[in-house]
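Remarks on the overall topology
As a plain string of letters, each chain reads:
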Amino acid sequence: MTKIDKVLYTARTHTIGGRDGSARSDDGQLEVKLSPPGSAHAGTNPEQLFAAGWSACFIGAMGLAAGKRKIKLPADLAVNAEVDLGTTEGAYFLQARLTISMPGIEPELARTLVEEAHQTCPYSKATRGNINVELKLA
């Protein structure tokens, strides 16, 4: 396991009530009501929050990969993240699909940027070898 030498940022949240509760950050920038996935209750769920965080981080990692090559990414670059919550033999698991759209970038270069981003994105590193992840170019 890799140990961090220099902490750049620490996110702090306080959550109550689990999937039927709420979460807020210590700086007040995040305050969300939580609800179970697929329920009619108001609020988001941990899987949606994970998908949003991962896709935002992934875009940042693609920016780093493009910057190394002095390439400007398109303004309409997008990552659609799908995070599945499911069971196998009664145990809960996650799996994910990231679909990346980079209009105007040649497919071979786009694939290279995606693969490099997947190697550097902290969310991708955290999930590597732990969950099934599929990367697709749109």
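All values derive from a computational prediction rather than experimental measurement.

1. Concerning the packing of aromatic side chains
Geometrically, a pair of aromatic rings is defined through the distance of the ring centres and the angle of the planes. Under the defined criterion, the tally for this structure stands at two aromatic pairs. Relative to Y123, the ring of F50 has its centre 5.7 Å away and its plane inclined at 50°; by these criteria the two rings are tilted. Residue F50 is found in helix α1 (residues 46–68), and its partner Y123 is found in helix α3 (residues 122–127); the two are separated by 73 residues along the sequence.

2. Notes on the domain arrangement of the protein
Think of interface size as the accessible area that goes away when the parts come together; that is how it is often given. Taken domain by domain, the protein comprises domain 1 (1–44) and domain 2 (46–137). Each of domain 1 and domain 2 has a C-alpha centre, and these two points are 20 Å apart. Opposite the five residues of domain 1 that make contact, domain 2 presents five residues. Interface of domain 1 and domain 2: buried area, both sides summed, is about 460 Å²; carbon and sulfur atoms make up 61% of it. Three residues, R19, P37 and T44, lead the burial of domain 1 against domain 2; their summed loss comes to 75% of the area buried on that side. Inspection of the domain 1/domain 2 interface yields one salt bridge. One salt bridge connects E47 with R19, and the closest N-O pair in it is separated by 2.7 Å. Along the contact surface separating domain 1 from domain 2 lie two residue pairs in polar contact (both at pLDDT 80 or more).

The rules behind these values
Residues numbered from 1 in each chain as written. Predicted model: local features only at pLDDT ≥ 70, side-chain atom pairs only at ≥ 80, totals over all residues. Heavy atoms only, no water. Phe/Tyr/Trp six-rings, centres within 6.5 Å; stacked < 30°, edge-to-face > 60°. Helix = DSSP H or I, 4+ residues; strand = E, 2+ residues; numbered from the N terminus. Domains from an automatic or database assignment. Contact = heavy atoms within 4.5 Å. Buried area = accessible area lost by both parts, 1.4 Å probe. Salt bridge = Lys/Arg side-chain N within 4 Å of Asp/Glu carboxyl O. Polar contact = N/O pair within 3.5 Å; in protein donor to acceptor, adjacent residues only side chain to side chain.

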